[in-house]
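# Architecture and fold: a report
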Amino acid sequence: MNVAIVDQMGTVVTVIAVDDADEYNPGNGLSAVPDAADEAFAGCTWTEHGGFAPPPRPAPSPEEFAAMKASLKAAVVARANGFTAPVLSKYPEAERAGWDKREAEARAILAAEDKAAAIAETLIIKLAQAAGEDTTVTVARAEAIVAQAEEFAAISAAVEIMRDTALAAVEAVGDASDMPAALVALNNQASSLAVQHGLA
């Protein structure tokens, strides 16, 4: 039977085959642990309750730790972009480029007492004329533009807060062992945000 020769720290020094594992005594403060399942190897660890396990991973170098942080930050940014991308993908880039102006015009129309006159001074009139709309319908279009802008602004703000909070949390991580917890926190926050804004 194979036995693992284990030192006082629980590290397996070597694995050997013996005739009687129960009677074998390696001496010098070492212990002989039966390895009936052939799980042990030199360098792994052994505990009475946990059995054999791979050796603990060495702490990453400062360069490796910085690379781990950079990778996690990139994941944060990608996750944030993943929320807004489906919304933006519904509209051509040329249309998105004019969103700010359309929103400003729509708000001006809704704020004006003479809405017909306000409509006549905007680019929205081109859309209205192309669709053969009257003033009432164009005002409704302006209301829809403002509502859409406010909805997207709310999503963008929430995503920005999530991203900045997550990036700050990653930057604050001082030990590689805390990285998994930071990633879990990011995923939980992202899932909550998705549910909140119907993006799940």
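Higher on the page you've got the structure.
In this text, all values refer to a predicted model and were calculated from it rather than measured experimentally. Within each chain, residues carry numbers counting from 1 in the order of the written sequence. Two thresholds apply to this predicted model, a pLDDT of at least 70 for residue-level local features and 80 or more for giving and counting side-chain atom pairs, whereas whole-chain, interface and lining totals are computed over all residues. To get the side-chain values, all heavy atoms of the structure are used, and hydrogens and water are removed first.

Close contact between helix α1 (residues 62-88) and helix α6 (residues 135-172) brings their axes to 9 Å; oriented N to C, the two are set at 175°. Compared by their axis directions, α1 and α6 come out roughly antiparallel. For the pair α1 and α6, the contacting residues are Lys69, Leu72, Lys73, Val76, Ala80, Phe83, Thr84, Val87 and Leu88 in the first and Phe152, Ser156, Val159, Met162, Arg163, Ala166, Leu167, Val170 and Glu171 in the second. Only Asp, Glu, Lys and Arg are considered charged, only Ala, Val, Leu, Ile, Met, Phe, Trp, Tyr, Cys and Pro nonpolar, and every remaining residue, Gly among them, polar. Residues of the contact of α1 with α6, tallied by class, amount to 12 nonpolar, 2 polar and 4 charged. Note on method: axes are straight lines fitted to C-alpha atoms, helices fitted across the in-contact stretch only, with angles between N-to-C directions ranging 0 to 180 degrees. The helix and strand labels rest on DSSP assignments: H or I over at least four residues marks a helix, E over at least two residues marks a strand, and numbering proceeds from the N terminus. Angle categories: roughly parallel below 35 degrees, roughly antiparallel above 145, roughly perpendicular from 65 to 115, and oblique for all the rest. Every residue pair with non-hydrogen atoms within 4.5 Å of one another is taken to be in contact.

This part is about α1. A helix's residues, less one, multiplied by 1.5 Å, set its expected span. Its 27 residues give α1 an end-to-end C-alpha distance of 39 Å, which sits within 8% of 39 Å, the value for a rise of 1.5 Å per residue. Along its length, α1 reaches its greatest deviation from straightness, about 30°, at Gly82, and the proline Pro86 lies no more than four positions downstream. We define the bend at any residue as the angle between the axes fitted to the seven residues before and including it, ending there, and the seven starting there.

Residue position: Gly27 is located in the loop between β2 (12-17) and β3 (31-34). Type-normalised accessible area, obtained with a 1.4 Å probe on protein chains alone, sets the label of each residue: buried when under 20%, exposed when over 50%, and partly exposed for intermediate values. Classification of Gly27 by relative accessible area gives partly exposed; the value is 23%. For the pair Gly27 and Ala112, spaced 85 residues apart in sequence, the C-alpha to C-alpha distance is 95 Å.

With that settled, consider the pattern of salt bridges. For this analysis, a salt bridge means a side-chain nitrogen from Lys or Arg found within 4 Å of a carboxyl oxygen belonging to Asp or Glu. Under the definition given, this model contains 4 salt bridges. With its nearest N and O atoms 3.1 Å apart, the salt bridge here joins Glu103 to Arg107. One end of the pair is Glu103 and the other is Arg107, both in helix α3 (residues 99-111) and 4 residues apart, which spans about a single turn. By relative accessible area, Arg107 is classed as partly exposed at 36%. Members of the salt-bridge network, linked through shared partners, are Glu103, Arg107 and Glu150.

Now for the sheet that holds β2. Taken in spatial order, the 3 strands make up an open sheet running β2-β1-β3, and their pairing is antiparallel. The two strands at the open ends of the sheet, each matched to only one other strand, are β2 and β3. On average, each strand axis in the sheet is inclined to that of its neighbour by 30°, with strand direction left out of account. Two strands are counted as paired when DSSP detects at least two bridges linking them. Pairing analysis gives 4 bridges linking strand β1 (residues 2-6) to β3, with the strands arranged antiparallel.

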